[in-house]
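# Chains, contacts and geometry: an overview
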Amino acid sequence: CSGPSFEGGVYRDRAVAFRLGEIPPSWRRIDVSDAKLAFRDYAAQTTTLVNARCGQDAEDAPLASLTQHLFLLFTEREIVEQTLLPLDHREALRTVLFAKLDGVPKAFDVYVLKKDGCVYDFVQISAPETFEASRPAFTRFVAGFQTLPRD
C-alpha cells in the first residue's frame, strides 16, 4: 500500500482522489496534521487548506452547519458573505468571514462541498490587510476542483 500522493495538481489517498485548480507559484506546500493538503504564501500572509472526510467521518448535515463547525474555536465571528454556488456538479457553500483566534484577527474564504459520501473543505486564512488581494488566486484554485475515481 502506498501513502497519499500529490502530483500534477492531483491528490490521491485510500479514501479520495481529486484534481485542484491552478496553484500559484508563490504558494509553498506545507505539512499540517488536520488537512489533506496545505499551502503557505509567505508574502501574502495566507495559508490554504484542503480537507476531505469520507464515510463515517463525513457528516450528513447542512452545508451551513458544516461551515460553522470549522470555526468553533474562533471568537468574534462575523460572516460577511455566504453564497451557494456550483462546484464539481454539486452545490457548495462559500463563506467569507472575519474572526479572531487567540485574539488575532484573521480573514477567511471558505468553500464546503458534499459529494459522493465525502465532505470537502477549502479554507484560505489571511491577514485582514492581504485578504482581498489573495482571493482571486484562491477562487481559481477551488474552481478547478474535480473529484476523480479512486483507482
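Report follows, based on the coordinates. Please read these numbers as outputs of a predicted model, since none were measured by experiment.

This brings us to the packing of aromatic side chains. Per the stated rule, a full pass over the model turns up 15 aromatic pairs. Summarising the aromatic geometry, the rings of Phe6 and Phe39 are spaced 6.0 Å apart at their centres and angled 65° between planes, so their arrangement reads as edge-to-face. Of the two residues, Phe6 sits in strand β1 (residues 5–7) while Phe39 sits in strand β5 (residues 37–41), which places them 33 residues apart along the sequence. Judged by its relative accessible area of 19%, Phe6 is buried. For Phe39, a relative accessible area of 3% gives the class buried. A connected cluster of aromatic rings, assembled from ring pairs, spans Phe6, Trp27, Phe39, Tyr111, Phe138 and Phe141.

All chains considered together, the criterion is met by one disulfide. The disulfide that involves Cys54 links it to Cys118, with 2.0 Å between the sulfurs. Residues Cys54 and Cys118 are joined through a disulfide that is right-handed, its torsion about the S-S bond being 110°. A residue pair is termed long-range when its members are at least 10 positions apart, and Cys54 in strand β6 (residues 46–54) and Cys118 in strand β10 (residues 118–126) qualify at 64 residues. When sorted by exposure, Cys54 lands in the same class as Cys118, which is buried.

About the cut-offs
- Residues numbered from 1 in each chain as written.
- Predicted model: local features only at pLDDT ≥ 70, side-chain atom pairs only at ≥ 80, totals over all residues.
- Heavy atoms only, no water.
- Phe/Tyr/Trp six-rings, centres within 6.5 Å; stacked < 30°, edge-to-face > 60°.
- Helix = DSSP H or I, 4+ residues; strand = E, 2+ residues; numbered from the N terminus.
- Buried < 20%, exposed > 50% of the residue type's maximum accessible area, 1.4 Å probe, protein only.
- Disulfide = S-S within 2.5 Å.

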